[in-house]
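Here's the letter readout for the chains.
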Amino acid sequence: MFADRAKVFIRSGKGGDGHCSFRRELYVPNGGPDGGDGGKGGDLIFEVDKGLNTLVDFRHKRKYAAGDGEEGGKRKCHGKDGKDLILYVPEGTVVKEAKTGKVVADMSGDNQRQIVLKGGKGGLGNQHFATATMQVPKYAQPGQPAMELEVLLELKVIADVGLVGFPNVGKSTLLSRVTNAEPKIANYHFTTLNPNLGVVDLEGAKGFVMADIPGLIEGASEGVGLGHEFLRHIERTKLMIHVVDAAGTEGRDPVEDIYKINAELKAYNPEIARRPQVIAANKTDLIYDKEADPVERLRKEFEPQGIPVFPISGVSGQGISKLLYYVSGQLESMDDAPVVFEQEYFPEDELIYEDLPFTVEKEEDIYVVEGPKIEKMLGYTNLDSEKGFAFFQKFLKDTGILEQLEQAGIQEGDTVKMYGLQFDYYK
């Protein structure tokens, strides 16, 4: 069974707790704290596997969790890091946050591997908290909690050209003739229940990937028939070939068919409806009334709108070569970068909106900011990276920490301390 959607629950690993212990050896009185640090929790990673073409594996298992970090031990022993969990998906899979539908990751193009949820940082052992005034610290830091998310996985076909049209107009026949694909072909509605991909090779011109998308009917944009099952797969295509039954063998009007298809595309996503289109007037070998030429009628209606019409016969092959070379030429003039969806949802941003307390206090000449909110943020943020530092700045602003520091009287050049992090304040 072809599976192109799945909803799963994912979780990174929890950081291991720091250990609280003291040296106890013969002839070593008051040996001091020796509690080790906890291990880091495992990351939850998505990675593209070129050998996969469906999401069927995610239909059987719905919960995925990376390994937790182990607790630190005595004698400054560091806890073992949790094992990363890699989820393999087919190329073209889009990971969305289930509630908002915002894109977390698009596993296509250059993005072949992405850490979606970072594991929690391990807690520090009590060896780190010894000071001149506190030589017997009986406190160890707990590990950072895991990050959790319910995500919707959607497979959106990666093809340069999408064949669209009502059921039974000859899309599968055309695909089988021009590519190495072997779609199921029969004379009944909804033969194609899943997208079929094939590579078009042209002599003296650049080839391209073509997809036969499930047939479209009225109301598809509202979920009627295969509805979104069809429309989702056309989102990445750069150009569409509208295949119509020019001979009207099923009693439908080819001009009306084109307008109905465009109306469904526009209702689903206006940006897709604006992409370049070509009309393939199929089944010309079955046109017997030469006086009322339906191909000429299609040309008069759509070519003034900038949509070229090519008469073809999927059965005999007539006119197909001219159509393919035109499509190849159009693709050459377009940006060859794949259509990739930008990330809209950042799991780390939840740290900003979580209702956790923090305090801002002045100790001598240093402004100390502490509390569960700060601890959790530092546990997930890599301040050495450009992205991590940008998030840190956003975190300080959006949570009101900068505002509280200013209310406390901070001036440019003053020092701010957040647990192990210390920096100078500049606006």
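Predicted model, so just to flag it, every value in this text is computed and none were measured.

Looking now at the layout of surface pockets. There is about 880 Å³ of room inside the largest pocket. The wall of the largest pocket is formed by 38 residues, among which Lys121, Leu124, Gln141, Tyr419 and Gly420 lie closest to the centre. For the lining of the largest pocket, the secondary structure elements donating two or more residues are β16 (366-370), α9 (372-380) and β17 (415-418). Ranked by residue count, the leading element in the lining of the largest pocket is α9, at 4 residues. Looking at the lining of the largest pocket residue by residue, the classes come out as 14 nonpolar, 14 polar and 10 charged.

Let's shift gears to the pattern of salt bridges. Counted by the stated rule, this structure contains 11 salt bridges. For Arg11, the salt bridge goes to Asp68, with nearest N and O atoms at 3.2 Å. Of this pair, Arg11 sits in strand β1 (residues 5-11) while Asp68 sits in the loop between β3 (63-65) and β4 (85-89), and the two are 57 residues apart along the sequence. We classify Arg11 as buried; its relative accessible area is 19%. Salt-bridge contacts for Lys14 lead to Asp17; the nearest nitrogen and oxygen are separated by 3.1 Å. Under the relative-accessibility criterion, Lys14 is labelled partly exposed at 28%.

This part is about the packing of helix α4 (residues 254-268) against helix α6 (residues 294-302). Where α4 meets α6, the closest approach of the two axes is 9 Å, and the angle between their N-to-C directions is 40°. Between α4 and α6, the crossing angle belongs to the class labelled oblique. Of α6, the residues touching α4 (which contributes Pro254, Val255, Ile258 and Tyr259) are Arg297, Leu298, Glu301 and Phe302. Of the residues contributing to the contact of α4 with α6, the split by class is 6 nonpolar, no polar and 2 charged.

Attention shifts here to helix α10 (residues 386-398). With 13 residues, α10 should cover 18 Å at 1.5 Å per step; its first-to-last C-alpha distance of 18 Å lies within 8% of that length. Those residues of α10 lying buried are Gly388, Phe391, Phe392, Phe395 and Leu396. End-on view of α10: buried residues confined to an arc of 135°, all on one side of the axis. Residues Glu386, Lys387 and Lys397 are exposed on α10 and point more than 90 degrees away from its buried face. In the segment just after α10, Gly400 is the residue with positive phi, at about 90°.

The rules we used
- Residues numbered from 1 in each chain as written.
- Predicted model: local features only at pLDDT ≥ 70, side-chain atom pairs only at ≥ 80, totals over all residues.
- Heavy atoms only, no water.
- 1 Å grid on protein atoms, 1.4 Å probe; cavity = no way out; pocket = protein on both sides within 12 Å on 5 of 7 lines; lining within 4 Å.
- Points joined across faces, edges and corners; volume = space filled by probe spheres on them.
- Helix = DSSP H or I, 4+ residues; strand = E, 2+ residues; numbered from the N terminus.
- Nonpolar A, V, L, I, M, F, W, Y, C, P; charged D, E, K, R; others polar.
- Salt bridge = Lys/Arg side-chain N within 4 Å of Asp/Glu carboxyl O.
- Buried < 20%, exposed > 50% of the residue type's maximum accessible area, 1.4 Å probe, protein only.
- Axes fitted to C-alpha atoms, helices over the stretch in contact; angles between N-to-C directions.
- Parallel < 35°, antiparallel > 145°, perpendicular 65-115°, else oblique.
- Contact = heavy atoms within 4.5 Å.
- Expected span 1.5 Å × (residues − 1).
- Arc of directions from axis to C-beta.

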